[in-house]
Structures are given as C-alpha cells and as structure tokens.
Amino acid sequence: MSSLGSSELILNPDGSIYHLNLLPEDIAETIITVGDPERVHEVSKYFDSIEIRKGKREFLTHTGHLSRKRLTVISTGIGTDNIDIVLNELDALANIDFPSRQVKNKKKQLGIIRIGTSGTIRPEIPIDSFLMSTSAIGLDGLLHFYEDSSHRNRAMEKALIKHLDWGGHHIVPYVVDSDAHLRKVFVSPDVYSGITVTNSGFYGPQGRILRLAPKVSDFQDKLASFSFEGQQITNLEMETAGIYGLAKLMGHKAVSLNAILANRATAEFSTDGGKTIDSLIKFALERLVNDPSV
Ligand code: R1P
C-alpha cells in the first residue's frame with residue numbers, strides 16, 4: 001500500500017495533525033463536537049479531570065474523564081467546510097498510522113455527538129427545548145465531493161427535490177440518517193426529534209431576510225410543508241448533515257443534539273440561551289456516562 005504524501009496527510013513538526021494540532025493519543029473514542037470554542041469549557045468543566053488542552057484557530061480540544069469514561073470535546077467553528085476538516089482529521093488520528101502514513105487495517109469507530117444550537121421552523125416546538133436530528137438534509141454540497149453515495153437516503157432526497165420543485169440551478173440535497181444506536185442513547189420525552197436542514201449560511205441560505213431579497217421567497221414555508229414517511233423538517237443549522245455524511249462514509253457513529261434558540265415561525269429568540277445550552281450539555285453527559293455501550 002502506498003503511503004500518503006506530505007501534502008495530503010499534513011503533519012506539524014511535532015507530529016500532530018495540521019489543523020486540529022492533535023496527536024493520535026490525544027483523542028477519546030467518544031467525541032463531543034460544539035460550534036463555539038467557548039462551549040468547550042462549558043462541557044469540560046463537568047469532567048472529573050482534563051488531561052489534554054490543545055487548540056489552533058477555531059479548533060479547541062479538551063480530553064478528560066468523567067465517571068471513568070474518556071471523553072473528548074472539540075470545537076468545530078461554524079459550517080460544513082470546517083466539518084470536512086474536523087471529521088477527516090479526527091478519522092486520520094484514529095485510523096491512519098502517522099509514522100508509516102498508511103491507513104490502518106483495523107479501523108476504530110468513533111462515537112460523535114454534536115451539541116449545537118439551532119432554529120426551528122415549527123411553531124409547536126418551543127424555544128429553549130432540545131431536539132435530536134433523526135436525519136439531516138444537506139443543502140451545502142459537501143458530500144458531493146465524496147464518491148460513495150451508498151449511505152444516503154435517496155428516497156427522501158427524491159421526495160424533497162420533487163416537493164421543492166428544485167431546478168437544475170439549485171444544489172442537489174443529500175440526506176443522511178443519524179446512527180440508530182446513538183439515537184437510542186438520547187431518546188427522552190424531553191427531547192423533540194425531526195429532520196434537520198443543514199445549509200451553507202445563516203441568512204439567505206436559512207431564509208433570513210435583512211436587506212437582500214432571497215432567491216426562493218417562500219423557502220421556509222416549503223421546508224415546513226415537506227413530510228417523508230411521517231417525519232417533518234423541524235430545524236435549520238449549519239453542521240449536522242456534514243457530520244452525518246462523513247461519519248457514515250468513514251464508519252463512525254454520529255448524532256446531533258440541538259438547543260433550540262430560535263423559533264422562525266413565531267419570530268422568537270431565547271433570552272437565556274446559555275442556560276438552555278448548559279441544560280443540554282448536562283443531559284448529554286449524563287446519558288453518555290450512564291450508557292456502557294457508548
Ligand atoms: C450559527 O449561529 C451557528 O450556530 C449553530 C449553527 O449550526 C452555526 O454553527 O450551531 P453552533 O451553536 O453549534 O455553532
């Protein structure tokens with residue numbers, strides 16, 4: 001097997017991976033991703049101990065233990081462009097032998113849990129609630145740069161393209177489901193679930209209008225009126241589809257938990273988002289440490 005060139009698998013002088021600035025031994029097999037680097041501290045403050053604190057750019061990592069479980073929390077910054085970097089470099093840390101620059105025969109499976117924020121488009125989902133993304137629709141295009149499309153939910157993709165009456169000038173949506181096992185870990189009467197739309201921006205791509213007119217004027221209504229096998233689109237954000245897509249392609253498990261800070265249907269925004277995020281962090285950590293299978 002040929003080894004990966006130094007322009008492809010880029011390592012820093014200390015042997016760490018290029019953007020994340022981490023060595024293979026720095027990461028746990030259970031990884032929490034958050035958007036905001038400040039949120040890394042909000043998660044790791046609940047750890048019993050922190051052994052690794054490293055960072056570069058927007059990618060801050062803490063690894064430690066909570067109730068004997070080794071956990072890594074890493075910030076991704078905003079968007080699926082960063083998710084491409086974070087997922088590829090985490091996978092390289094787990095599944096590429098750095099000295100020989102070769103992919104290992106025996107692969108590790110990481111468990112990836114996103115703890116993020118999001119806006120719902122459904123009036124019945126209140127702000128400050130929690131929502132688990134059962135599937136994610138990517139309108140950002142990231143997954144189209146990877147050949148294997150066997151893990152995509154083609155039936156939902158087709159139904160959505162028809163529903164949106166999407167023409168040739170629109171991006172082809174990719175749909176990927178969350179990991180069924182990880183989903184079970186976080187099922188709760190207190191957690192809504194639904195289909196999450198991931199897009200490449202916060203304003204126009206999520207139908208927010210400040211000064212610029214949108215290309216699709218009724219985008220939010222069109223998303224809200226879509227249903228597939230009894231499921232509806234519940235929320236919009238900027239990372240989940242990329243995480244689900246790349247995790248599936250690389251053989252990792254992923255689930256996305258959202259603190260709902262905005263309700264786009266009722267035009268409300270949380271006045272105490274920090275408290276909601278903190279409650280979601282505590283919920284996720286409690287479920288993680290009490291489930292021996294994760
Ligand atoms: C936009 O404000 C950001 O918040 C949401 C979106 O996905 C986007 O990253 O998630 P995070 O709070 O996890 O960053």
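Residues numbered from 1 in each chain as written. Predicted model: local features only at pLDDT ≥ 70, side-chain atom pairs only at ≥ 80, totals over all residues. Heavy atoms only, no water.

Caption draft 1: Focus on the pattern of salt bridges. This model, assessed by the stated rule, comprises 10 salt bridges. Between Lys 54 and Asp 26 there is a salt bridge whose closest N-O contact spans 2.8 Å. Taken together, the residues span a long stretch of sequence, with Lys 54 in strand S2 (residues 49–56) and Asp 26 in the segment before strand S1 (30–34) at a distance of 28 residues. Taking the relative accessible area as the measure of exposure, Lys 54 reaches 23% and is therefore partly exposed. Note on Asp 26: relative accessible area 3%, which makes it buried. Linking Arg 154 and Glu 157 is a salt bridge whose minimum nitrogen-to-oxygen distance equals 3.3 Å. Here Arg 154 and its partner Glu 157 are both found in helix H3 (residues 154–164), three residues apart, which amounts to about one turn of the helix. Judged by relative accessible area, Arg 154 falls into the partly exposed class, the value being 42%. In the salt-bridge network here, residues are joined through shared partners; they are Arg 114, Glu 237 and Glu 239. (Salt bridge = Lys/Arg side-chain N within 4 Å of Asp/Glu carboxyl O. Helix = DSSP H or I, 4+ residues; strand = E, 2+ residues; numbered from the N terminus. Buried < 20%, exposed > 50% of the residue type's maximum accessible area, 1.4 Å probe, protein only.)

Caption draft 2: Region of the structure containing the UniProt feature "domain: Nucleoside phosphorylase" (unreviewed entry) in the chain. The sites that carry the UniProt feature "domain: Nucleoside phosphorylase" (unreviewed entry) are, in the present numbering, residues 31–266. Secondary structure within residues 31–266 divides into 25% helix and 35% strand; the distance between the first and last C-alpha atoms comes to 34 Å. (UniProt positions renumbered as here; feature names shortened; annotations may be inferred.)

Caption draft 3: Broad picture of the packing of helix H2 (residues 80–95) against helix H6 (residues 240–250). Axis separation between H2 and H6 bottoms out at 9 Å; the angle between their running directions is 25°. It follows that H2 is roughly parallel to H6 by the angle criterion. Between H2 and H6 lies a crossing whose hand is right-handed. Every residue of H6 that contacts H2 at Thr 80, Ile 83, Asp 84, Leu 87, Asn 88 and Asp 91 is listed here: Gly 242, Ile 243, Leu 246, Ala 247 and Met 250. Looking at the contact of H2 with H6 residue by residue, the classes come out as six nonpolar, three polar and two charged. (Axes fitted to C-alpha atoms, helices over the stretch in contact; angles between N-to-C directions. Parallel < 35°, antiparallel > 145°, perpendicular 65-115°, else oblique. Left-handed = near helix turned anticlockwise from the far one by under 90°. Contact = heavy atoms within 4.5 Å. Nonpolar A, V, L, I, M, F, W, Y, C, P; charged D, E, K, R; others polar.)

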